[in-house]
Each structure stands twice: as structure tokens, then as C-alpha cells.
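These are the residues of each chain, in order.
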Amino acid sequence: MSIDRTRRAALGVIAGAAGLAVLPHAALAQAKKVKIGLMLPYTGTYAQLGTAITNGFKLYIEETGGRLGGMDAEYATVDDESAPPKAVENMNRLVRRDNVDVVVGTVHSGVALAMANVARQTGTTLIIPNAGADDITGSLCAPNIFRTSFTNWQPGYGTGKMMADRRIRTAVTLTWKYAAGDESVNGFKEAFTAGGGKVLKEMTLPFPNVEFQPFLTEIAALKPESVYVFFAGAGAAKFVKDYYAAGLKGIPLYGSGFLTDGVTDSIQDVAQGLTTVLHYGDGIDNPKNKAFRSSYEAKFKLAPDVYAVQGYDAAQLLAAGLSAVNGDLAKKDAMYKAMEAAKIDSPRGPFTLSKAHNPVQDMYIRELKGRDNVVTGIAVKALADPARGCKAA
Ligand code: BEZ
């Protein structure tokens, strides 16, 4: 791919200028380091999510002795601030200035869409450990772009299906106005209306605003049977607290599981029983989840969440690719083939990737009990995103 040619040419110029012989291709392949660009939010509403992803990613690498495909892992890190206007510049810093071999990022769909465009132009390997923008594994799908998280459609669809199955007939939706919120609500509507539900009103506010009061007043007036929301991170915690403080307990609140993941400590006093749908739950009963949770808690003195799992699995996916080529980063086709075929032994349960490079995975029904999102059932088994517009799928 073109980035390889550019990088080799650049290395040749540097080596020539230093009076060195230009390294042959095989010698470059044997350089014993893989440079990983971490582009994630470390400030703002999604800061905690970026940290959990980083922790999960590094935990896996530590478990493999700090090495991937026989190479030492080295990092270049950028705080993307969940700011789409800065995304291209931040991605270019990693790809063109820091000359990373692979980029892992990010959380915010708007930022990730810009990253995917740069990855497509430069051929950089991109692994997305959260952002759910449907188009990335839809119309923008590409051989070098992989995701270990979800599409925004998936948990939205799972929640709509669960609510329709429970014979809930009406809902009002509320979310931030950007790709993640819009696509989450679209997924919800698709399953909810197919199951006989009716959406009375769709409400939005700009990301990352948290002035929820006017919307809560309107929900009280509309008196729907239920409310569906997409919020995440610090904004989700504030929304849940505001919802119950507004006296809306009589109108059951539902959401994709980002509403409660990573924020259970701050909402547990008001939100016991809050039901959500996601591809992870704290107490999933498999050996991998038990081992992952105990190592994570021991190392970070924190309970892990879905974001930590997705970061851990991004490292597992990269390891699968690099091991298959023995660390020879020039063998991109073989590396991608191995990543496409990988069966990831995830704490969420094993998963494989679709042809569009997005996880095919169960959507769990979870209930907040104490500080845990406890799995009580499965809304949809092995749910694959429809990957609309992806020519590979
Ligand atoms: C997103 O922007 O895609 C997103 C952010 C936080 C949680 C889930 C999705």
C-alpha cells in the first residue's frame, strides 16, 4: 500500500543522508519494534473511556511479556479530546510525523470517521476499540480498517428488540446530535417499530451538552410508556441522576448499555434495576472474563467495563495479525487475512469479525444490581451489523 512505499522512501532518504547504506527490505521487516499510535480522549466527557481502553490494551500486551508478534511494543499517544475538527491533524501527527505502524482509536464516532478517511488514504492499519460509526464498517469499509467494539446500530437494535419483546408500545427518544446518537436511535427504531412499537417523539441536544431539564419536562408531559436514550461517559451519569431526580421513575428508562457502563459508582444509589442492552456485562460467566476482571482490578484498582474489554480485544486482534507474519509488517495482506480469520477469546465471550471487519456478537440484557451490570438474558444472539454500503460484505 502507498504508505509502505512512502515510508520506505523516507527511510532511504534518511539513511542516505546519514551516509548509511539503504536497508534492504528484509532488514526493515526485522526491526524489532512495533510502533502503536494511541489516539483516544484523555480529557472531556469521554476521558474515562479513553483511559479504560488504554488500560485494557496495555494489560493484554503486558500479559504477553510486552511483545507482539515477537516485537517490543512502543507507543505514541495523542489526546483527541473527542473533537472532530482536530481529528485529521491528530491522525496525521501519528501517521506522518511519528511514523506509527498501526493506530488504535478512538471513542467518538465523529473523530473516528475522520481517522478512517486518513487510514483509507494512507493505507495505515487502523483498529477501532470503541467508536461505533456505522459507515466505518459500512460504506467506508476497507481492508486495513478493523473494529473490536460494535456499530452504533447493534446495541440500539438489541434494545429496541428487547423492548418490543416486552410488549412496550410507545417510546420517546433522546440523545446527543451526532453520528453515535443518531445511529443508535435508528437501530432502536428499526427493531422497536418492526415489533409493533411507536416512537412518539425524537429529541436531541448537541454533544456534549448536559442541560437535560427542558427535555425531562417534555417527557413528563408526553407520558410515553418508555424512554430510550444514548448517552455515555460523564454525560450518561449526569443524565441518569437528573432523570430520577425529576421524578420520572414511573416512566421506565432504557438505553444501550453505555448509559450505565463505567459510571455505576456514581449512579448506583438512584438507578437500581435500570435495564440496558450491550455486548458485555460485568458478571459474564466464562473463564476469560473472570481472569480478565481479576487481573484488571489487581493492576488498576478499578473494576473494568466494556471500554476496557474493547481495548483488551484490540490488542488481541493486533497480536493475532502480527504473530501470523512473525512481526513482518511488510506482509500486510497476510496480516489482515489472519485478523479477519481470528476468533477472539474475549471477556464478552468469543467472537469473530464480519466480512466488513466488525464483531458478530451477542447483545446481552443487563440490569443494574449494586455496582454491576448483571446479565439477565440475551436480546439477540450473534448479531451482525447489516454493513450497508460495504462492498466487501
Ligand atoms: C461513539 O461516539 O461512537 C460512542 C461514544 C461513546 C460510547 C459509545 C459510542
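Residues numbered from 1 in each chain as written. Predicted model: local features only at pLDDT ≥ 70, side-chain atom pairs only at ≥ 80, totals over all residues. Heavy atoms only, no water.

K.L.:
Please clarify how helix α5 (residues 109–122) should be interpreted in this entry.
P.N.:
Owing to its 3.6 residues per turn, the α-helix brings residues three or four apart onto one side. The end-to-end C-alpha separation of α5 is 20 Å, in line with the 20 Å expected for 14 residues at 1.5 Å each. Within α5, the full set of buried residues consists of S109, V111, A112, A114, M115, A116, V118, A119 and T122. Backbone geometry just after α5 places G123 at a positive phi near 80°. (Helix = DSSP H or I, 4+ residues; strand = E, 2+ residues; numbered from the N terminus. Expected span 1.5 Å × (residues − 1). Buried < 20%, exposed > 50% of the residue type's maximum accessible area, 1.4 Å probe, protein only.)

K.L.:
Could you clarify how one ought to interpret the site of the ligand in this entry?
P.N.:
Every one of the 15 residues lining the ligand counts as a neighbour, but V107, S109, G132, Y178 and A180 are closest to it. In the model, an oxygen atom of the ligand is placed 2.6 Å from a nitrogen or oxygen of the S109 side chain. Within the side chain of Y178, an N or O atom sits 2.6 Å from an oxygen atom of the ligand. Coverage of the ligand by the protein chains reaches 100% of its 270 Å² of free accessible surface. Of the residues belonging to the shell around the ligand, the class tally is 10 nonpolar, 5 polar and no charged. (Near = heavy atom within 4 Å. Polar contact = N/O pair within 3.5 Å; in protein donor to acceptor, adjacent residues only side chain to side chain. Areas by Shrake-Rupley, 256 points an atom, 1.4 Å probe, with all protein chains shown as cover. Nonpolar A, V, L, I, M, F, W, Y, C, P; charged D, E, K, R; others polar.)

K.L.:
Help me understand the nonpolar core, please; the structure alone is not making it clear to me.
P.N.:
Side chains of nonpolar character tend, in soluble globular proteins, to be buried together. F231 and F239 are the most contacted members of the largest nonpolar core, which has 78 residues in total. The biggest single contributor to this core is helix α12 (residues 306–324), with 11 residues. Setting aside its immediate chain neighbours within four residues, F239 contacts L174, F212, L216, V229, F231, L253 and L259. (Core = buried A, V, L, I, M, F, W, Y, C linked by side-chain atoms within 4.5 Å. Contact = heavy atoms within 4.5 Å.)

K.L.:
Would you take a moment to explain the packing of helix α4 (residues 87–97) against α5 for this structure?
P.N.:
Think of two packed helices as two axes; the pair is described by the angle between the axes and how far apart they sit. At a minimum axis separation of 9 Å, α4 and α5 run at an interaxial angle of 40°. In terms of orientation, α4 and α5 fall into the oblique class. Note on packing geometry: the crossing formed by α4 with α5 is right-handed. Touching A87, V88, M91, N92, V95 and R96 of α4 are V111, A114, M115, V118, A119 and T122, all from α5. Considered class by class, the residues forming the contact of α4 with α5 number 9 nonpolar, 2 polar and 1 charged. (Axes fitted to C-alpha atoms, helices over the stretch in contact; angles between N-to-C directions. Parallel < 35°, antiparallel > 145°, perpendicular 65-115°, else oblique. Left-handed = near helix turned anticlockwise from the far one by under 90°.)

K.L.:
Looking at this structure, how should I read the pattern of salt bridges?
P.N.:
For side chains bearing opposite charge, pairing can occur when the charged atoms are close. Counted according to the given criterion, the structure contains 18 salt bridges. In this structure, R388 engages E190 in a salt bridge whose closest nitrogen and oxygen atoms are separated by 3.2 Å. Pair noted here: R388 is in the segment after β14 (372–383) and E190 is in helix α7 (residues 179–194), with a separation of 198 residues, a long-range link. E190 gets classed as partly exposed once you look at its relative accessible area, which sits at 30%. With its nearest N and O atoms 3.4 Å apart, the salt bridge here joins R293 to D282. Of the two residues, R293 sits in helix α11 (residues 287–300) while D282 sits in the loop between β11 (275–278) and α11, which places them 11 residues apart along the sequence. The exposure classification of R293 matches that of D282, with both residues buried. (Salt bridge = Lys/Arg side-chain N within 4 Å of Asp/Glu carboxyl O.)

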